[in-house]
Amino acid sequence: MSMKSEEKHLQTLSMHKHFYDFMINTNSVVGLTPEIKNEIVNAYKVHDPYYHYNDRCNACIAEMLHIVYNWYKTQVND
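Residues numbered from 1 in each chain as written. Predicted model: local features only at pLDDT ≥ 70, side-chain atom pairs only at ≥ 80, totals over all residues. Heavy atoms only, no water.

Caption draft 1: Region of the structure containing the overall build of the chain. Assigned secondary structure in the chain consists of three helices and zero strands. The C-alpha radius of gyration computed for the chain amounts to 12 Å, which stays within 12% of the reference 12 Å derived for 78 residues, consistent with globular compactness. Taken along its principal axes, the extent of the C-alpha atoms in the chain is 35 × 25 × 20 Å. Restricting to contacts in the chain with at least 6 residues of sequence separation, those with at least 24 account for 61%. Total accessible area computed for the chain in this model is approximately 5400 Å², and 49% of it derives from carbon and sulfur atoms. Treating the 7 positive side-chain charges of the chain as one cloud and the 9 negative ones as another, the clouds have centres 1 Å apart. (Helix = DSSP H or I, 4+ residues; strand = E, 2+ residues; numbered from the N terminus. Rg over C-alpha atoms; globule rule 2.2 N^0.38 Å. Contact = heavy atoms within 4.5 Å. Areas by Shrake-Rupley, 256 points an atom, 1.4 Å probe, with all protein chains shown as cover. Lys, Arg positive; Asp, Glu negative; His and termini not counted. Charge placed at Lys NZ, Arg CZ, Asp CG, Glu CD.)

Caption draft 2: Highlighting helix α2 (residues 34-44). Among the residues making up α2, those that are buried are Ile-36, Lys-37, Ile-40, Val-41, Ala-43 and Tyr-44. One face of α2 carries all of its buried residues, which in axial projection span an arc of 160 degrees. Buried residues belonging to α2 abut α1 (8-26) and α3 (58-75). (Buried < 20%, exposed > 50% of the residue type's maximum accessible area, 1.4 Å probe, protein only. Arc of directions from axis to C-beta.)

And the structure:
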């Protein structure tokens, strides 16, 4: 299934949503590599181009996932 180019960011977020779901269910983040964090944040920057977070702070990473996926939920009926 091909997506419109403006929806590729949502496809990226959907692909990585399991990290957010795992965090919500277990209160921990596992396996979230720097490359995946960058993909998630870059996809979110379609909505907020100036978004930035501290990627060396575990609480900041968790907050980033909350911000991104709470916005994501408003964009899709998942």
